[in-house]
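# Structural overview for review
Listed below are the residues making up each chain.
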Amino acid sequence: MLIVKLVIYPLILFLSSSLFKGMSFYHPYQWIILGVVIALVNHILDLLFLKPGLVYMNNFLDLVVDVGFIFLSQYVLPYTYIKLTIAFVSAIFINIVELFEHFHIIKSNISIK
């Protein structure tokens, strides 16, 4: 499941930066790096907290962490501009993917490790 995250999350960030004026990355590698970092952090959160009764709590935790990472990345990546509302919308798109993935993991009884 980590491979899916590593591919999908940078694409979601690229589409968000293309569709919304409130998010712009100066270099293409910036949204790739941010997407990979978010995928790794979300995978670690899944390893720690994803259990059959905690799917929605895990998704809420992912949403809060994703908004924080996306919004605060503008202070780390040079010439990057991200509005808080656009960071929230991008995190919602990421969490929709996460929700389907979590339901698939729980339904299939797949070990995350």
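Refer to the preceding data block for the structure.
Note that the structure is predicted; figures quoted are calculated from it, not measured. (Residues numbered from 1 in each chain as written. Predicted model: local features only at pLDDT ≥ 70, side-chain atom pairs only at ≥ 80, totals over all residues. Heavy atoms only, no water.)

Before going further, it helps to examine unusual backbone geometry. Among all residues save glycine, negative phi is the norm, and among peptide bonds the norm is trans. Notably, Tyr79 is not glycine yet its phi reads approximately 60°, a positive angle. Assignment of secondary structure puts Tyr79 in the loop between α3 (55–72) and β2 (81–82). On the basis of relative accessible area, Tyr79 is assigned to the exposed category, the value being 67%. (Helix = DSSP H or I, 4+ residues; strand = E, 2+ residues; numbered from the N terminus. Buried < 20%, exposed > 50% of the residue type's maximum accessible area, 1.4 Å probe, protein only.)

If charged atoms from side chains of opposite charge come close, those side chains can pair. Within the structure shown, the criterion is met by 3 salt bridges. Between Lys5 and Glu98 there is a salt bridge, with the nearest N and O atoms lying 3.3 Å from each other. Here Lys5, found in helix α1 (residues 2–19), pairs with Glu98, found in helix α4 (residues 84–108); they are 93 residues apart in sequence, far enough to count as distant. Just as Lys5 is buried, Glu98 falls in that class too. Ionic pairing is found between Glu101 and Lys5, a salt bridge with its closest N-O pair at 3.7 Å. Here Glu101, found in helix α4, pairs with Lys5, found in helix α1; they are 96 residues apart in sequence, far enough to count as distant. Considered together, Glu101 and Lys5 belong to a single accessibility category, that of buried residues. Bridged by salt links that share partners, the residues Lys5, Asp46, Glu98 and Glu101 form one connected network. (Salt bridge = Lys/Arg side-chain N within 4 Å of Asp/Glu carboxyl O.)

With that settled, consider α1. Between the first and last C-alpha of α1 there are 26 Å, a value that for 18 residues agrees with the 26 Å anticipated at 1.5 Å per step. Among all positions in α1, only Lys5, Tyr9, Pro10, Ile12, Leu13, Ser16 and Ser17 are buried. Projection of α1 onto a plane perpendicular to its axis shows the buried side chains occupying an angular sector of 155°, all on one side. Opposite the buried face of α1, at more than 90 degrees from it, the exposed residues are Ile3 and Leu19. (Expected span 1.5 Å × (residues − 1). Arc of directions from axis to C-beta.)

Let's shift gears to the packing of α3 against α4. In the contact formed by α3 and α4, the axes pass within 8 Å of each other and the chain directions differ by 145°. Like other packed secondary-structure pairs, α3 and α4 cross with a definite hand, here right-handed. For the contact of α3 with α4, the residue count by class is 15 nonpolar, 5 polar and 3 charged. (Axes fitted to C-alpha atoms, helices over the stretch in contact; angles between N-to-C directions. Left-handed = near helix turned anticlockwise from the far one by under 90°. Nonpolar A, V, L, I, M, F, W, Y, C, P; charged D, E, K, R; others polar.)

Right, let's talk about the environment of Leu2 for a bit. Among the structural elements, Leu2 can be located in helix α1. Accessibility expressed as a relative area gives 25% for Leu2, which makes it partly exposed. Those residues within four positions of Leu2 in sequence are excluded, and the remaining contacts are Ala39, Leu40 and His43. (Contact = heavy atoms within 4.5 Å.)

With respect to the helices, strands and loops of the structure, Ile110 is situated in the segment after α4. In contact with Ile110, other than residues within four places in its own chain, are His104 and Ile105.

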